[in-house]
Amino acid sequence: MGLLRSYIVKTTQLLWEFIKQFKWRYIIGMIVLLITSFISSMIPKITGYVTDSINDRMPASVTNKYLLMLVAATVAVFVLRFTWRYFLVGSNRYLECYLREKLFAHMQTLPASFYDNNKTGDLIAYAINDIQAIRRVFGFGFTSILDGVVVNTISIMIMVRTISPMLTLMALAPAPIIVLVIYFLRKKIRERFGMVQKAFAEMSGKVQESISGIRVIKAFAQEEEEVEDFLKYNQVRVDTQMSLTRVSAVLGPVTQLTFGISTVLFIIYGGGLVAKGVISLGDYVAFSSYIMVIMGPIVSIGRIIDVWQRGIASIQRLDRIFCQSSEKDAENALATVSLFGLNRQVEDSQPVEKLRGHIVIRDLTFAYPGTDKIVLHDINLEIKEGETLGILGRTGSGKTTLVNLLLRLYEVEDGHIFIGGRDINHIPLKVLRENIGYVPQDNFLFSTTIKDNIQFFKPIYSDSQIEDAAKMAGIYDEIISFPEGFNTVVGERGVTLSGGQKQRISIARAIIKDPSILILDDSLSAVDTKTEQRILENLKNVLKGRTGIVISHRVSVVRYCDHIIFLDEGRIIERGTHEELMRLRGAYYNLYTSQIEQAEDNLLLQARG
Amino acid sequence: MEYRMDNEYVLRRPKKALFIRLLGYFKPYLPLLALNILFAFLINGAALIKPYIIKHVIDNYLALKIYAPDVFMRMGLLYLAVVLAGCALTYSQTYILTYIGQKIMYDMRKQLFTHIQNMSMKFFDRNSSGRILTRVTNDVEALNEIFSGVLVNSVKDIIMILGIIATMFALDASLALISMGSIPLIVLVTFIYRKAARKNFLRMKMLIGRINGFLAENISGMKLVRIFHREKEKLQEFQKLDKEYFDTSLREVILNSLGRPIIEVINTLIIAVMIWYASGRITGGHLEIGVLYAFITYIRQFFAPINEIAEFYTSIQSALISAERIFDVLDTRELSEDMKTGKHVERIRGEIEFKNVWFAYDDENWVLKDVSFKIEPGETVAFVGATGSGKSTIISLMARFYDIQKGKILIDGVDIREYNLKDLRRQIAVVMQDVFLFSGDIKSNIRLRNSSITDEDIMRAAKLVCADRFIESLPNKYDEEVKERGCTFSAGQRQLISFARAVAFDPAVFVLDEATANIDTETEMAIQQAMANISGGRTTIIIAHRLSTIRNADKIIVIDKGRIKEIGTHDELIKKGGLYRQLYEKQLVYQCIA
């Protein structure tokens, strides 16, 4: 247990904080729950009194009194149970959302390397499935235990004291076996359910692949064979489900049997007691109700253990994330946000200081954290304010890494990178990033309006600023040609944009900040030659008065830059202007000749048409 | 992934028709279904007998204080037998029902998948792969509820309700009448509760979907958010979504804490009324107390079946939506390809002729305009043209991936529409620009699922295309695992594997849609060599950017904006001084700089 606790320290701490904050809800809830359990364990006894009063031919007024008690108790249990459920179970819904927001906030502060090592799908599963599993521990798990313990203790006490100890013992005899059987059944069910899910996922994968590869399948006329293969996966889906059902279908009958056996013992033995006058008929009736009441919690012990185990596993998983240390700047950015939508909006409105776009890189060698493969060797570089640097190289040559370091997505030691004369590590991250306009490689847009994508979720720009940015990026005309203009939603649930259009919106997003440094990270790879030319034309305007860094594996994109460096396996192998590099007849030259001829063919053909 | 909110979806087809069509899938399993309904009668019978046994014990022995241990033993064992029978029947019923449901889903998936496999390329152009995937997987799964339970169970439930009512009247008519008073109330509350719960449940599912989508998008875009310093705004956006989810989630707690417990209160009230009414008659000796006991048990048994029926009504709505989507796919017949009929052909000679072919993907914008040419068997022909000029389209048409609107395509002098599609495509192997590899190993990617291609054939093909060198250098050689889409291999290696695949199928016509510029020189040399190795005796068609690679072709066809501009050999076209010559000279200039 000690070992376990050390694993889950951070999450437990969060849970405690939450419980402390909501302690009154929990305390009231628990008190009400105790009262409810107490009253509900009285109900069978009252039923017994009713029975006896009728059977012993007591006056109607006595029967009516017990009947009223019965109705009153039922109504009270109804109201009280609602109350504790609202307090206890409701709080756990709070807990679920609270944990999820905490988790998301925490994920936002984690360094880029965290996302290199974790799959998106897994992270989503943490935020949804694992958090729900934890909620169930506190909701179902916790309340069932509390309720079950109280109800069963009181019921057994009443049974032993007022009815018959022997009868009680007999009724409870099958319970331990039942608990064990159900526990093992559940374990098996969980295993087999995992197999069902796996079979379903594999079948989905199969379908997905045969749709993606449909052209190959059709080209080689493999349709029938493909169907044959799919049917195997389809059959596995059926087989795994049936194997699950073989086990899971036992659960219901086992429960029935539990109640059944208790009732049988009760008929055989209890009947004798009534007939001999040891207990009354009312006791007999009350007893049969108590069996039902007691067996409920016993049957669900298996489920509680199940929920508990899953919850612990989930807490451990979450803790792995919560234990990752955050980056300070992001933590600060989130410091003003309190959870549960109660935003203490302290607007940090003071303007961010301007950086000068003079970049110096000195003897920079870099390997990604946790790896020993050096991706940048001895980089020395200077970009003067207002100049544009072109970086050329194949995939994996280190181009993007260089940009990641300039944005300080990964840490370097002091004394290697200087911007505006200051060591990059001494510039507040906020200042650094506000001053760099970044256009990413993959043209990632969020599925929201174009306007929101340009202002990027912070409504601090006027409409005319947004329009200007769009104009400068050369996308304005296309945006206003959409029926909804800047309010057009992009992505899955909206308009599908071409690579070139996304590209230019990304550029608008970068330049609306009026940055002193603009970085284009291989962002033109997705567009055709014609669009590329148009964007390059625009860029000349955009880059006026700014320092620019343009990364590409295409020569045509970087040829007009003031300086060009050619990266290969993390080293600068050539540097100079286009003309200088052409004269050099090295790597740059070779790439140029092989790429340009193809482009020129296309241009020529298009021009002739 | 797609998310949907069922209460916003409007069915286009009549509900009844959809439902009846779904019922049709039960047909092969009617005997099993009948057996199940028989079981349902028996299970219900067992449930009704149990309270009656106790009633019997109470009235005949306990109320009269008669001590009869052997009777108690007999009754106890009888009760046990009934319970055991009920357990066995319930188990069998669950098992059979699951089996029927699974079998029907199997059948439906088979039908859907086969149908989709036989769709023409147009279908795949029009429907995203995500949507098609959802039809085969999740939409079929959504019908499970209907097939494996709800339908049969509701029959069982109706029998149960009728059984309870009948038993009650048999025991005591006036008490039965009082009990009946609770039915409308229970039905009403149950239906209202179920409907609200279902609606809330769907809303919760939708919101979880949105949270899922939000997280997926934001984790992918996390780098951008960080660079642009928008962590706070994004967190607040997430909180808004999470709050919406919380409200719905809390409503679930409230609904659950009201629905079932209210039924409990109603039951108790009715029972109190009944006891109050019955106590006088019992005192007067007109009614036995055991009857009262049985009635109390029966009243409590009303809720479960009514609840299940209500569940059925609400769940059928969302099942019908999935059903409609599935039938929409199954009913798109006009895009399906006929793989069965048509002229069978063992091997074609490889003569290809386009006669005044006009083609548009969308029936509007002509991609090919009046294209005519003829390729003789065994010839090597090159197509030259800009991106989007229609080169790749011509190749798609040869393998009849699309049907043309005007003109004729003849292979060996026969209209390609007369051939059996399967035979035709087996004769034409295309190596595409964007190579697709399946997960599996190298062998399975070369032979696909054609078992007539032996391991020796595979190795021979790999050798022929110069892929053997890199394959032999892999740890597991030909059994090396290929992961999803072949991501562990370089573009060039993927190209070579797909090359070997085409060769292994030994086609009469070989088409090479030239690889992009990203392939390194070494691979390119290998591909050049491979081309020379395999073109002997086959009709070979090359699409090329780099003119130097096609100089030796028997025929060069220059195409521009969907029209054929020039046809001839390299020398003829150079002499002619047209578009080809211009292109060639332009490239020559660059080579001269070198």
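No experiment lies behind these values; they were computed from the predicted model shown.

About the thresholds
Residues numbered from 1 in each chain as written. Chains lettered and ligands numbered in written order. Predicted model: local features only at pLDDT ≥ 70, side-chain atom pairs only at ≥ 80, totals over all residues. Heavy atoms only, no water. Helix = DSSP H or I, 4+ residues; strand = E, 2+ residues; numbered from the N terminus. Rg over C-alpha atoms; globule rule 2.2 N^0.38 Å. Buried < 20%, exposed > 50% of the residue type's maximum accessible area, 1.4 Å probe, protein only. Contact = heavy atoms within 4.5 Å. Buried area = accessible area lost by both parts, 1.4 Å probe. Salt bridge = Lys/Arg side-chain N within 4 Å of Asp/Glu carboxyl O. Polar contact = N/O pair within 3.5 Å; in protein donor to acceptor, adjacent residues only side chain to side chain. Core = buried A, V, L, I, M, F, W, Y, C linked by side-chain atoms within 4.5 Å. Pairing = 2+ DSSP bridges. Axes fitted to C-alpha atoms, helices over the stretch in contact; angles between N-to-C directions. Expected span 1.5 Å × (residues − 1). Phe/Tyr/Trp six-rings, centres within 6.5 Å; stacked < 30°, edge-to-face > 60°. Lys NZ or Arg CZ within 6 Å of the ring centre and 35° of its normal. Arc of directions from axis to C-beta. Domains from an automatic or database assignment. Patch = residues over 30% accessible without salt bridge, like charges linked within 9 Å, V, L, I, M, F, W, Y side chains within 5 Å. Areas by Shrake-Rupley, 256 points an atom, 1.4 Å probe, with all protein chains shown as cover. Parallel < 35°, antiparallel > 145°, perpendicular 65-115°, else oblique. Left-handed = near helix turned anticlockwise from the far one by under 90°. Nonpolar A, V, L, I, M, F, W, Y, C, P; charged D, E, K, R; others polar.

1. A look at the overall build of chain B
Counting secondary structure elements, chain B contains 20 helices and twelve strands. Against the compact-globule benchmark of 25 Å for 594 residues, chain B has a radius of gyration of 36 Å, which places it well outside the compact range. Structurally, chain B occupies a C-alpha span of about 125 × 60 × 50 Å along its principal axes. Taken over 594 residues, chain B has a buried fraction of 57%. Within chain B, residue pairs in contact and separated by at least 24 positions form 78% of the contacts whose partners lie at least 6 positions apart.

2. Description of the interface of chain B and chain A
At the interface, 140 residues of chain B touch 150 residues of chain A. Both faces considered, chain B and chain A share a buried interface measuring about 14,000 Å² in area, 67% of it formed by carbon and sulfur atoms. Considering only the surface of chain B that becomes buried against chain A, Arg226, Phe228 and Arg449 of chain B emerge as the three largest contributors, covering 5% of it. Seen at the junction of chain B and chain A, the total is ten salt bridges. Here Asp242 of chain B makes a salt bridge to Arg100 of chain A, at a shortest N to O gap of 3.1 Å. At the surface where chain B touches chain A, the tally comes to 31 residue pairs in polar contact (both at pLDDT 80 or more). Among the elements that make up the side of chain B that touches chain A, the one with the highest residue count is helix H9 (residues 231-283) of chain B (32 residues).

3. Considerations on the side chain of Arg93 of chain A
Tracing the backbone shows Arg93 of chain A in helix H5 (residues 60-108). Of the residues examined, Arg93 of chain A reaches a relative accessible area of 7% and is grouped as buried. There is a polar contact of 2.8 Å between the side chain of Arg93 of chain A and the side chain of Glu252 of chain B. Excluding its chain neighbours within four sequence positions, the residues that come into contact with Arg93 of chain A are Arg135 of chain A together with Met204, Phe246, Ser249, Glu252 and Val253 of chain B.

4. Structural notes on the nonpolar core
Grouped together as the largest cluster of nonpolar side chains are 145 residues, with contacts concentrated most on Phe354 and Phe499 of chain B. Looking at this core element by element, the count peaks at eleven residues for helix H3 (residues 69-117) of chain B. Sequence-distant contacts of Phe499 of chain B, defined by excluding residues within four places in its chain, comprise Val431, Val465, Phe510, Leu512, Ile527, Ala530, Met531 and Ile534 of chain B. Residues Leu273 of chain A together with Ala46, Ala176 and Ala278 of chain B belong to the second largest nonpolar core, which totals 82 residues.

5. Considering the sheet that holds strand S9 (residues 509-513) of chain B
Residue and element names in this part refer to chain B. Pairing is mixed in the open sheet, where six strands are placed in the order S6-S9-S10-S3-S11-S12. Whereas interior strands pair on both sides, the edge strands pair on one side only; in this sheet they are strand S6 (428-431) and strand S12 (563-568). Averaged over all pairs of adjacent strands, the angle between strand axes in this sheet comes to 15°, irrespective of strand direction. Of the strand pairs in this sheet, strand S3 (residues 380-384) and strand S10 (residues 539-543) are connected by four bridges, and their pairing is parallel. By the bridge assignment for S10, Val381 is matched with Ile541. Sitting on the sheet, helix H12 (residues 391-398) touches S3, S6, S9, S10 and strand S11 (555-560), and the angle it makes with S10 is about 150°.

6. Section: helix H20 (residues 499-511) of chain A
Spacing of three or four residues puts side chains on the same side of an α-helix, whose turn is 3.6 residues. For H20 of chain A, spanning 13 residues, the distance from its first C-alpha to its last is 19 Å, which sits close to the expected 18 Å at 1.5 Å a residue. When we look at burial in H20 of chain A, the residues that qualify are Gly500, Gln501, Gln503, Arg504, Ile505, Ser506, Ile507, Ala508, Arg509, Ala510 and Ile511 of chain A.

7. Overview of the packing of aromatic side chains
Counting across every chain of the model gives 36 aromatic pairs over all chains. Summarising the aromatic geometry, the rings of Phe104 of chain A and Phe238 of chain B are spaced 4.6 Å apart at their centres and angled 40° between planes, so their arrangement reads as tilted. Of the two residues, Phe104 of chain A sits in helix H5 while Phe238 of chain B sits in helix H9, which places them in two different chains. Each member of the pair Phe104 of chain A and Phe238 of chain B is classed as buried. Taking the centre distance of 4.0 Å and the plane angle of 10° together, the rings of Phe230 of chain A and Phe113 of chain B count as stacked. With Phe230 of chain A in helix H11 (residues 223-275) and Phe113 of chain B in helix H3, this pair bridges two chains. Its relative accessible area of 0% is what places Phe230 of chain A among the buried residues. For Phe113 of chain B, a relative accessible area of 2% puts it in the buried group. These aromatic residues form a ring-pair network of at least three members: Phe18, Phe22, Tyr94 and Tyr98 of chain A together with Phe246 of chain B. The side chain of Lys234 of chain B reaches across the aromatic face of Phe457 of chain A, ending 3.3 Å from its centre.

8. Some points on the pattern of salt bridges
This model, assessed by the stated rule, comprises 53 salt bridges over all chains. For Glu191 of chain A, the salt bridge is made with Lys188 of chain A, and the minimal N-O distance between the two is 3.9 Å. Of the two residues, Glu191 of chain A and Lys188 of chain A both sit in helix H9 (residues 175-212), three residues apart, roughly one turn of that helix. Glu191 of chain A gets classed as partly exposed once you look at its relative accessible area, which sits at 47%. Linked through salt bridges whose partners overlap, the residues forming this network are Arg12, Arg13, Arg21, Glu324, Asp328 and Asp331 of chain B.

9. What about helix H18 (residues 463-473) of chain A?
All names here are of chain A. Among all positions of H18, only Ile466, Ala469, Ala470 and Ala473 are buried. What you see down the axis of H18 is that its buried residues fit within an arc of 100°, all on one side. Positioned one or two residues after H18, Gly474 has a phi angle of 75°, which is positive.

10. Focus on the domain arrangement of chain B
Residues and elements named next belong to chain B. Domain annotation of chain B identifies domain 1 (14-330) and domain 2 (352-593). Placing a centre on the C-alpha atoms of domain 1 and another on those of domain 2 gives a separation of 58 Å. With four residues of domain 1 in contact, the opposing surface of domain 2 contributes four residues. In total, about 340 Å² of surface goes out of reach between domain 1 and domain 2, with carbon and sulfur atoms giving 52% of it.

11. With respect to a nonpolar patch on the surface
Together, Trp24, Ile27, Ile28, Ile31 and Ile35 of chain A make up a nonpolar patch on the protein surface, roughly 470 Å² of accessible area in all. Since its relative accessible area comes to 46%, Ile31 of chain A is described here as partly exposed.

12. Focus: the packing of helix H6 (residues 173-180) of chain B against H9 of chain B
Residues and elements named next belong to chain B. In the contact formed by H6 and H9, the axes pass within 10 Å of each other and the chain directions differ by 160°. Accordingly, the angle class assigned to the pair H6 and H9 is roughly antiparallel. Once H6 is placed against H9, the crossing between them reads as right-handed. Where H6 abuts H9, its residues Ser174, Leu175, Ile178 and Ser179 lie against Ile270, Val273, Met274, Tyr277, Ala278 and Arg281. Residues of the contact of H6 with H9, tallied by class, amount to seven nonpolar, two polar and one charged.

13. Quick look at the sheet that holds strand S4 (residues 417-419) of chain A
Sheet architecture is open: four strands sit in the order S2-S1-S4-S5 (chain A), paired in antiparallel fashion. Edge positions in the open sheet fall to strand S2 (374-383) and strand S5 (422-423) of chain A, since each of these has one partner strand only.

14. Remarks on unusual backbone geometry
Despite not being glycine, Asp378 of chain A has its phi angle at roughly 45°, a positive value. Residue placement: Asp378 of chain A occurs in strand S2. Positive phi, normally seen in glycine, also occurs at Arg400 of chain B, with a value near 55°. Mapped onto the fold, Arg400 of chain B is located in the loop between H12 and strand S4 (406-411).

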